[in-house]
Amino acid sequence: MSTQNFTLPDVGEGLTEAEIVTWKVAPGDTVAINDVICEIETAKSLVELPSPHAGTVGELLVAEGTTVEVGAPIITFVTDENDDAGPGKVVTAEAPAPEEGGGSVLVGYGTGGGATSRRKRPAERPVRSSVGVIAKPPIRKLARDLGVDLTTVTPSGADGEVTRDDVMKLASQASVFRNIETPEWGAVREETVPAPQIAPAGLARGVAPVQASASDDDRTESIPVKGVRKATSSAMVQSAYSAPHVTVWKDVDATRTMELVKRLKAAPEYADIKVSPLLIVARAVIWALRRTPMINAAWIETEDGAEIAVRHYVNLGIAAATPRGLLVPNIKDAQDLGMKDLARALNRLTLTAREGKTSPADQQGGTITITNIGVFGMDAGTPIINPGEAGIVAMGTISQKPWVVDGEVRPRWVTTVAGSFDHRVVDGDAMSRFVADVASVLEEPALLVD
């Protein structure tokens, strides 16, 4: 018998720390190889951590909610392994990083090797609450994340059980991932949290931090900056204070875009696909990038000096407000997708983000981003560029306004297209031409027909 110290592994994201969100085991539990022992949150995703050992859980070395560095011991196991170490000896086991190309797959800690079987866990049974709602624990968690009151859900499962589809159907009217929905104005829930105290060197020298008085303690809540919020704040500061931002915008008559969206929704081939104006915006951005490829470039610092990398492919990022915070998953090689395939890709991206399963790989390698602030009722904005990119497009709300058509004032569907650009990479004429091209497609979607 020996005691194995298991250290926090690098889950293949190149990160240095993670937070222990939930322990799935307790001291004394018997585990098999690949049994999930805990759930960790990195700056990019939630990851289930499997056990590399078979044996008995000894001690949980880190409490839930604690952030630890990669390589730090987090749990001990009592196993029959490494008997040659001698009775009572402690052996530290480190999980190697996944092989290149293996993603963040942690099962067995590698993409090769023989298969191992997991012990079967008893199936989760539906739970009836005090108010009579029947739903399994994962469905209840999904409802909490989406802000859905289970008592308002009409169940469709056996014996009146609430299913995942029931929750998703009700959540579609007030989705936390609103930026690929057709604008339907309802109550937008938003929580204000303290901004992270991060500033570039020299910006706030000599300025003492604000201290709350003792009398304010009961009125002020302190929220630790970690996980996605920590990563977002660092990325935004890096971008805002390293890339000189310039924002341009244009009002657009998007009436024909709205008519196209209506026709696509009614088309039989789109019966199982959710279609919104964002689909046309995404196609417009890809089309405009072909005419102004410098928008799809990036400023790169190297040992030999700075250089500009022009990407001849489009990994289209979609800024998403999720229960975990702001994420920017991207659709790889979006330039190769037709209208229907792009719509499906947006749908998949939506469902993945709603369920909190956006992987680190889905958030890496973006070349340009779209943020749909219009779903929150905003007409325009000056978005901050995602690090590693040279441009971001902000889509405003689409609403009926008076518009001059052929010398007459008529009600039209009008929106505002805005874009922020890295002026080190993109000159004024290029950024203006790009935004004008996007606007032209929204005014006349027939331009998308090659």
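Residues numbered from 1 in each chain as written. Predicted model: local features only at pLDDT ≥ 70, side-chain atom pairs only at ≥ 80, totals over all residues. Heavy atoms only, no water.

> Just checking my understanding: could you explain helix α5 (residues 277-291) for this structure?
For an α-helix the count is 3.6 residues per turn, leaving residues at separations of three or four pointing the same way. The end-to-end C-alpha distance of α5, which contains 15 residues, comes to 22 Å, matching closely the 21 Å that a straight helix rising 1.5 Å per residue would cover. With 12 of its 15 residues buried, α5 lies for the most part within the structure. All of the buried residues in α5 are P277, L278, L279, I280, V281, A282, A284, V285, I286, W287, A288 and L289. Looking at the buried positions of α5, the neighbouring elements they touch are α4 (255-266), β15 (316-318), α6 (339-354), β19 (368-371), β20 (391-395) and α8 (428-443). (Helix = DSSP H or I, 4+ residues; strand = E, 2+ residues; numbered from the N terminus. Expected span 1.5 Å × (residues − 1). Buried < 20%, exposed > 50% of the residue type's maximum accessible area, 1.4 Å probe, protein only. Contact = heavy atoms within 4.5 Å.)

> Looking at this model, I keep getting lost on the pattern of salt bridges. Mind explaining?
Proximity of charged atoms lets side chains of opposite charge pair with each other. Evaluation of the coordinates by the stated rule reveals 6 salt bridges. Notably, a salt bridge pairs R256 with E444, separated by 2.7 Å at the nearest N-O pair. Residue R256 is located in helix α4, and its partner E444 is located in the segment after α8; the two are separated by 188 residues in the primary sequence. Residue R256 is classed as partly exposed on the basis of its relative accessible area, which comes to 43%. (Salt bridge = Lys/Arg side-chain N within 4 Å of Asp/Glu carboxyl O.)

> I keep staring at the confidence of the model for the chain and nothing clicks. Help me out?
Interpreting fine coordinate detail is not advised for predicted regions of low pLDDT. Considering every residue of the chain, the mean pLDDT works out to 77; 75% of them sit at 70 or more. Least confident of the elements in the chain is strand β10 (residues 127-128), whose mean pLDDT is 43; most confident is β20, at 95. Counting contacts from residues 83-89, a segment whose pLDDT is below 50, to residues more than four positions away or on other chains yields 7 contacts. In the predicted structure, residues 173-207 sits below a pLDDT of 50 and forms 64 contacts with residues beyond four places in sequence or in another chain. (pLDDT = per-residue confidence, 0-100.)

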